[in-house]
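Descriptive analysis of the structure
If you want the building blocks of each chain, they are given just below.
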Amino acid sequence: MTDHEKWMEFAFKEAEQAYKRKEVPIGAIIVHENRIIGKGYNQTESLRDPTAHAEIIAITAAAAQLDNHRLADCTMYVTLEPCAMCAGAIVLARIPTLVYGASDPKAGACGTLYNIVQDERLNHRVDLVRGVLEAKCGDILKDFFSKLRTNGIGKPRPN
């Protein structure tokens, strides 16, 4: 098992927490000096907050841990390719390395639909490592949405 796979397993545990809570199962961790300083899982339904993505929660926790809004010398691990909002937050936090599991063909903003984190017009660019535990990270999402369609679990609340 590589170091990236080891850390992605921790992000996957966060995704499992989301799954148990009927949230879209995406998990994220931030590693600094070989320890986890921030973690999060999707909580958009339970918090009724469209910004409560795993990455945002992990960034907030890591910034508090370091007492700094800049997360230099950190690596973020996330089970699904970040969306545009999260990619922007990663750039603003100055996270130097992003490792993700499954690509997101519908909202991926780190190489699939867009590549915000490596856009040369921005003042910070992120090194990307794609496809770490890709099948495992993708399978939990497929399972969640399959059950959502057949059993109604995790059904979004009406407005």
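Residues numbered from 1 in each chain as written. Predicted model: local features only at pLDDT ≥ 70, side-chain atom pairs only at ≥ 80, totals over all residues. Heavy atoms only, no water.

**Quick look at the pairing of strand β3 (residues 74-80)**
To keep it simple, the criterion reads: Think of it in three bands: with a 1.4 Å probe and only protein chains considered, a residue is buried below 20% of the maximum accessible area for its type, exposed above 50%, and partly exposed in between. Note on conventions: DSSP H or I runs of at least 4 residues are helices, E runs of at least 2 residues are strands, and numbering of each starts at the N terminus. Two strands pair if DSSP finds at least two bridges between them. With its strands directed away from the observer, a crossover is right-handed exactly when the path from the first strand over the helix to the second travels clockwise.
Across the seven residues that make up β3, a large majority, seven, are buried. The pairing of strand β1 (residues 27-32) with β3 spans five bridges and is antiparallel. Note on β3: the bridge partner recorded for Ile30 is Met76. With respect to chirality, the unit in which β3 leads through helix α4 (residues 84-92) into the neighbouring parallel strand β4 (residues 97-102) is right-handed.

**What to know about helix α1 (residues 3-20)**
Our working definition: Multiplying 1.5 Å by the residue count of a helix minus one yields the expected span of that helix.
Along its 18 residues, α1 runs 26 Å from first to last C-alpha, staying within 8% of the 26 Å computed at 1.5 Å per residue. Following α1 by one or two positions, Lys22 adopts a phi angle in the positive range, close to 60 degrees.

**Structural notes on the environment of Leu122**
So the rule is basically this: Every residue pair with non-hydrogen atoms within 4.5 Å of one another is taken to be in contact.
In this structure, Leu122 sits in the loop between β4 and β5 (127-129). C-alpha separation for the pair Leu122 and Cys110, spaced 12 residues apart in sequence, amounts to 14 Å. Apart from residues no more than four positions distant in its own chain, Leu122 is found in contact with Val91 and Ile116.

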